[in-house]
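Summary of the model geometry
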Amino acid sequence: MQKTKLGVNIDHVATVRNARGESYPNPLKAALIAEKSGADSITIHLREDRRHIIDNDLKLIRKKLKIPLNLEIAATNEMLKIALKNRPRFICIVPEKREELTTEGGLNLNYKKNFLKKLIYKLRKNKSRVSLFIEPKKKDLKLAKLLNAECVEIHTGKICFLVNNNKPFKKELRKIQDAVEYGNKIGLEVHAGHGLTFKSAKILSKIKGIKEFNIGHFLIGESIFIGLPNCIKKFKKIIKR
Ligand code: PXP
């Protein structure tokens with residue numbers, strides 16, 4: 001059986017760098033250490049406002065990385081152009097609001113549906129694997145399939161919030177479980193991510209059918225205490241089924 005994959009999101013290495021306007025800590029260095037430590041892919045989100053990852057990070061990481069680069073982008077013409085030019089192995093289309101602290105929810109697939117369809121077509125034709133970041137809802141999975149995405153990534157922010165705050169999470173877990181099952185049934189590769197910690201990753205790793213977890217904020221934060229290689233190894237062990 002194929003093992004569950006870990007995508008390491010290094011956006012917040014760039015957040016720390018940008019806080020002081022220096023050239024360190026260097027996201028490329030983090031990407032290469034993550035690669036060496038067993039990450040299966042590296043995720044970066046090039047936001048419209050460039051608040052963390054900047055175009056030059058994308059260029060350098062794209063050039064040096066051997067494992068797949070997963071580029072998160074909003075569904076805009078600017079990002080389509082950048083994605084087509086850089087041709088990362090993986091692309092995840094995410095919603096983006098300028099004022100949000102982080103990606104707060106999944107995509108509204110009905111909004112700009114025709115544009116999304118065109119985007120997916122062009123990116124796939126350019127040989128990037130395309131994933132859509134969605135809520136664990138059957139109607140969104142159905143629509144993702146109709147739009148011809150190969151993968152979906154289920155937004156796990158809600159369950160992570162419940163777990164972090166010691167609130168009941170079984171109902172949300174069941175919702176994710178059902179979404180994963182349905183996604184696999186209709187031929188989508190299902191991933192999960194957002195807000196994951198050691199504890200919530202362990203809970204979600206029990207769900208059969210999640211092929212990939214994408215983890216960033218907690219992982220980079222925890223690395224301050226235990227180091228990036230150790231943190232990646234710990235997450236790999238947790239998500240191993
Ligand atoms: N997956 C997607 C699609 C995301 O947008 C993000 C956040 O950028 C993550 C995973 C990682 O979330 P976190 O940084 O909370 O681990």
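Structure: above.
In this report, the structure presented in the accompanying data block is examined. (Residues numbered from 1 in each chain as written. Predicted model: local features only at pLDDT ≥ 70, side-chain atom pairs only at ≥ 80, totals over all residues. Heavy atoms only, no water.)

1. Considering the packing of helix α7 (residues 157-164) against helix α8 (residues 170-185)
- Where α7 contacts α8, the two axes come as close as 9 Å, and the packing angle between them is 155°. Relative to α8, the element α7 is oriented roughly antiparallel. When the axes of α7 and α8 are compared, the crossing they make is left-handed. When α7 is examined against α8, the residues K158, I159 and L162 are found in contact with a partner set consisting of E172, L173, K175 and I176.
- When its residues are assigned to classes, the contact of α7 with α8 shows 4 nonpolar, no polar and 3 charged. (Axes fitted to C-alpha atoms, helices over the stretch in contact; angles between N-to-C directions. Helix = DSSP H or I, 4+ residues; strand = E, 2+ residues; numbered from the N terminus. Parallel < 35°, antiparallel > 145°, perpendicular 65-115°, else oblique. Left-handed = near helix turned anticlockwise from the far one by under 90°. Contact = heavy atoms within 4.5 Å. Nonpolar A, V, L, I, M, F, W, Y, C, P; charged D, E, K, R; others polar.)

2. Notes on the side chain of H155
- Here H155 shows up in strand β6 (residues 151-155).
- A polar side-chain atom of H155 sits 3.0 Å from the main-chain amide nitrogen of G157.
- Residue contacts for H155: discarding those within four places in its chain leaves T103, E104, G105, G106, F133, I134, E135, P136, G193 and H194. (Polar contact = N/O pair within 3.5 Å; in protein donor to acceptor, adjacent residues only side chain to side chain.)

3. Observations concerning a nonpolar patch on the surface
- Together, I224, F225 and I226 line one region of the surface with nonpolar side chains, adding up to about 350 Å² of accessible area.
- Topologically, I226 is positioned in helix α10 (residues 217-226).
- You can call I226 partly exposed: its relative accessible area is 30%. (Patch = residues over 30% accessible without salt bridge, like charges linked within 9 Å, V, L, I, M, F, W, Y side chains within 5 Å. Areas by Shrake-Rupley, 256 points an atom, 1.4 Å probe, with all protein chains shown as cover. Salt bridge = Lys/Arg side-chain N within 4 Å of Asp/Glu carboxyl O. Buried < 20%, exposed > 50% of the residue type's maximum accessible area, 1.4 Å probe, protein only.)

4. What to know about the sheet that holds strand β4 (residues 90-93)
- Within the closed barrel, the 8 strands sit side by side as β1-β2-β3-β4-β5-β6-β7-β8. Their pairing is parallel. Along the sheet, successive strands turn relative to each other by an average axial angle of 25°, direction set aside.
- The pairing of strand β3 (residues 69-73) with β4 spans 4 bridges and is classified as parallel. Looking at the pairing, I73 lines up with I93 of β4. (Pairing = 2+ DSSP bridges.)

5. Considering the packing of aromatic side chains
- Applying the stated criterion across every chain yields a total of 3 aromatic pairs.
- Here the aromatic rings of F198 and F218 are separated by 5.0 Å at their centres, their planes lie at 85°, and the arrangement is edge-to-face. Taken together, the residues span a long stretch of sequence, with F198 in helix α9 (residues 198-204) and F218 in helix α10 at a distance of 20 residues.
- F198 gets classed as buried once you look at its relative accessible area, which sits at 14%.
- For F218, a relative accessible area of 24% puts it in the partly exposed group.
- Geometrically, the ring pair formed by F218 and F235 is edge-to-face, given 6.0 Å between the ring centres and 85° between the ring planes. With a gap of 17 residues between them, F218 in helix α10 and F235 in helix α11 (residues 228-239) connect regions that are remote in the sequence.
- Of the aromatic side chains, those joined through ring pairs into one cluster are F198, F218 and F235.
- When the ring centre of F90 is taken as origin, the NZ or CZ atom of R129, which lies over that ring, is 3.5 Å away.
- Here the guanidinium or amino end of K234 rests over the ring plane of F198, the centre of that ring lying 4.3 Å away. (Phe/Tyr/Trp six-rings, centres within 6.5 Å; stacked < 30°, edge-to-face > 60°. Lys NZ or Arg CZ within 6 Å of the ring centre and 35° of its normal.)

6. Re unusual backbone geometry
- Each neighbour pair has its own omega, and for Y24 with P25 the value is -10°, a cis peptide bond.
- With respect to the element layout, P25 can be found in the loop between α1 (11-20) and α2 (27-36).
- The backbone phi angle of N148 is positive, close to 75°, even though this residue is not glycine.
- Structurally, N148 is set in the loop between α6 (138-146) and β6.
- A positive phi angle, near 110°, is found at H194, a position not held by glycine.

7. Some thoughts on the site of the ligand
- Near the ligand there are 14 residues, and of these E72, E153, G195, G216 and H217 occur at the shortest range.
- In the model, an oxygen atom of the ligand is placed 2.8 Å from a nitrogen or oxygen of the G195 main chain.
- In the complex, 95% of the free accessible area of the ligand, which totals 390 Å², lies under the protein chains.
- Placement of the ligand is best described as lying within the largest pocket.
- Residue classes in the shell around the ligand are distributed as 3 nonpolar, 8 polar and 3 charged. (Near = heavy atom within 4 Å. 1 Å grid on protein atoms, 1.4 Å probe; cavity = no way out; pocket = protein on both sides within 12 Å on 5 of 7 lines; lining within 4 Å. Sits in = over half its atoms within 2 Å of the grid points.)

8. Focus on the packing of α2 against α11
- α11 packs onto α2 with a crossing angle of 45° between their chain directions and a minimal axis gap of 9 Å. By the angle between their axes, α2 is oblique relative to α11. Regarding α2 and α11, the two cross each other, and that crossing is right-handed. Along its contact with α2, which presents A30, I33 and A34, the element α11 presents L228, P229 and I232.
- Of the residues contributing to the contact of α2 with α11, the split by class is 6 nonpolar, no polar and no charged.

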